Amino acid sequence: MALTSGTRLGRYEIRTQIGAGGMGEVYLALDSELDRTIALKILHSEIASDTQRMRRFIQEAKAASSLNHPNILTIYEIGKTDSIDFIAT
């Protein structure tokens, strides 16, 4: 599911797609509330509907958010909007 520039997911506005892989797609987006650029990882719907995979997705986000290092991304939010599961980094 490719999102187009200008699409809004809650407070995030899609700018452009920057990657895609087995779990989903990654977009450059704007966080309109905090006025900052973020990466938004969108899960494929098949992944999001699989309970075990969603557990791994949340585990990945929790593991990354527990670390604090300049070379490790910061997790801003795990969310769901318009039935789309995402992680904002």
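The rules behind the values
Residues numbered from 1 in each chain as written. Predicted model: local features only at pLDDT ≥ 70, side-chain atom pairs only at ≥ 80, totals over all residues. Heavy atoms only, no water. Pairing = 2+ DSSP bridges. Helix = DSSP H or I, 4+ residues; strand = E, 2+ residues; numbered from the N terminus. Buried < 20%, exposed > 50% of the residue type's maximum accessible area, 1.4 Å probe, protein only. Contact = heavy atoms within 4.5 Å.

J.: What's the story with the sheet that holds strand S6 (residues 84-88) in this structure? I'm lost.
T.: Two strands in a sheet stick together by hydrogen bonds in their backbones, pointing the same way (parallel) or opposite ways (antiparallel). If you walk across this open sheet you meet the 6 strands as S1-S2-S3-S4-S6-S5, and the pairing is antiparallel. Every interior strand has two partners, whereas the edge strands, strand S1 (8-9) and strand S5 (77-81), have only one. Both strand S2 (residues 12-20) and strand S3 (residues 24-31) contribute to a ladder of 7 bridges, which runs antiparallel. In the sheet register, tyrosine 12 faces S3, and the bridge partner there is aspartate 31.

J.: What is the right way to read the pairing of S6 from this model?
T.: Each regular strand displays side chains that alternate between the two surfaces of the sheet. By the criterion of burial, S6 is predominantly enclosed, with 5 of the 5 residues buried. Here S6 shows two buried faces, one formed by Ile84, Phe86 and Ala88 and the other by Asp85 and Ile87. Where strand S4 (residues 36-43) meets S6, 3 bridges bridge the pair, whose relative direction is antiparallel. In the strand pairing of S6, lysine 41 is matched with isoleucine 87. Sheet topology note: the S5/S6 ladder contains 5 bridges and is antiparallel. Directly across from glutamate 77, in S6, lies its bridge partner alanine 88. Linking S5 back to S6 in an antiparallel pair, the connection comprises 2 residues, with aspartate 82 at a positive phi of about 50°.

J.: Is there a simple way to think about the side chain of threonine 81 in this case?
T.: Tracing the backbone through its elements, the reader meets threonine 81 in strand S5. Among the residues examined, threonine 81 registers a relative accessible area of 17% and is labelled buried. Leave out the neighbours within four places in its chain, and threonine 81 touches Leu9, Gly10 and Phe86.

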